[in-house]
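# Examining the three-dimensional arrangement
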Amino acid sequence: NAGVTQTPKFRVLKTGQSMTLLCAQDMNHEYMYWYRQDPGMGLRLIHYSVGEGTTAKGEVPDGYNVSRLKKQNFLLGLESAAPSQTSVYFCASTYEGRGSTDTQYFGPGTRLTVL
Amino acid sequence: AQSVTQLGSHVSVSEGALVLLRCNYSSSVPPYLFWYVQYPNQGLQLLLKYTSAATLVKGINGFEAEFKKSETSFHLTKPSAHMSDAAEYFCAVRGGTGFQKLVFGTGTRLLVSP
């Protein structure tokens, strides 16, 4: 049981380039999340998904797109990277039954630098 | 809307000393509260959570937190710090039942000196 995995671990992009971050979970969780972590700002929610085929915007969605074609995978895309998107990106998942206080399980993170 | 405030971006203690990390929350509904820990170059992992069952919550690695509604606080404590406790700690709040997103505080970095 690998939990939540993220690919890649590190990436350097030039301004304007595109890339996709992959998150995979093997816990059969319904809900998945993408956060970014910046110094002094904690974690901020980018997008989330409450099930296969559904996505929704979080707190800071601009410049990102997501897809949840399979229940176990949640992809985060940057169509045209900007230096302001330099950050550490974390994926998380949770079972999230109705009224649940389920724990969010986090991946190890992807460190992205945009030059 | 829910929010959390963590007082002190950095807290320094000596090994063996009491650890106290402060968290105050704001929520329009009865909150669910969480403490997560992040070790260097790793993701976050749950330390403990308050789900209204008991106001004093015990977590992993000897940490505990007490929910105080009158003070809107959920401070994290450990009686005796260990070098391995050095990490960043995040308080988070989720409001009500049904699906609600977690809102994280800005984090407190705990430094432990010998």
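Summarised in this report is the structure supplied together with it. Note that this is a predicted model, so its numbers are computed, not measured.

Analysis parameters
- Residues numbered from 1 in each chain as written.
- Chains lettered and ligands numbered in written order.
- Predicted model: local features only at pLDDT ≥ 70, side-chain atom pairs only at ≥ 80, totals over all residues.
- Heavy atoms only, no water.
- Helix = DSSP H or I, 4+ residues; strand = E, 2+ residues; numbered from the N terminus.
- Rg over C-alpha atoms; globule rule 2.2 N^0.38 Å.
- Buried < 20%, exposed > 50% of the residue type's maximum accessible area, 1.4 Å probe, protein only.
- Contact = heavy atoms within 4.5 Å.
- Areas by Shrake-Rupley, 256 points an atom, 1.4 Å probe, with all protein chains shown as cover.
- Core = buried A, V, L, I, M, F, W, Y, C linked by side-chain atoms within 4.5 Å.
- Pairing = 2+ DSSP bridges.
- Axes fitted to C-alpha atoms, helices over the stretch in contact; angles between N-to-C directions.
- Disulfide = S-S within 2.5 Å.

## Details of the overall build of chain B
A tally of regular secondary structure across chain B gives 0 helices and 11 strands. Listing the helices and strands of chain B from first to last along the sequence gives β-β-β-β-β-β-β-β-β-β-β. Relative to a compact globule of 114 residues, whose C-alpha radius of gyration would be 13 Å, chain B shows 14 Å and is just as compact. The C-alpha extent of chain B, read off along each of the three principal axes, is 45 × 25 × 20 Å. Within the span of chain B, comprising 114 residues, buried residues form 46% of the whole. When contacts within chain B are restricted to residue pairs at least 6 apart in sequence, long-range pairs at least 24 apart make up 57% of them. Carbon together with sulfur atoms contributes 52% to the accessible area of chain B, which is approximately 5,300 Å² in total.

## Considering the nonpolar core
Counting 27 residues, the largest nonpolar core has B:W35, B:L48, B:F74, B:L76 and B:Y89 as the members making the most contacts within it. Counting residues per element, the ones that place at least two in this core are β2 (10-14), β3 (19-26), β4 (31-38), β5 (44-50), β7 (64-68), β8 (73-78), β9 (87-95) and β11 (108-113) of chain B.

## Considering the sheet that holds strand β8 (residues 73-78) of chain A
Residues and elements named next belong to chain A. Taken in spatial order, the 4 strands of this open sheet run β1-β3-β8-β7, and their pairing is antiparallel. The open sheet terminates on both sides in strands that have one partner only, identified here as β1 (4-7) and β7 (65-67). Looking at each pair of strands side by side, their axes are set apart by 20 degrees on average, direction ignored. With 6 bridges connecting them, strand β3 (residues 19-25) and β8 associate as antiparallel partners. Looking at β8, one finds that L21 is bridged to L76.

## Quick word on the sheet that holds strand β1 (residues 3-7) of chain B
Residue and element names in this part refer to chain B. Spatial strand order, β1-β3-β8-β7-β6: 5 strands in an open sheet with antiparallel pairing. Two strands lie at the open edges of the sheet, namely β1 and β6 (56-58), each paired on one side alone. The average undirected angle you get between the axes of adjacent strands in this sheet is 20 degrees. Summarising the sheet, β7 and β8 pair through 5 bridges and their orientation is antiparallel.

## Some points on the state of the cysteines
For the structure on display, the rule yields 2 disulfides over all chains. In this model, A:C23 is linked to A:C91 through a disulfide, with the two sulfur atoms separated by 1.9 Å. A torsion of -75 degrees about the S-S bond marks the disulfide between A:C23 and A:C91 as left-handed. Highlighted residues: A:C23 in strand β3 and A:C91 in strand β9 (residues 87-94), separated in sequence by 68 residues. Comparing A:C23 with A:C91, the two get one shared label, buried. Between B:C23 and B:C91 runs a disulfide, and the two sulfur atoms are separated by 2.0 Å.

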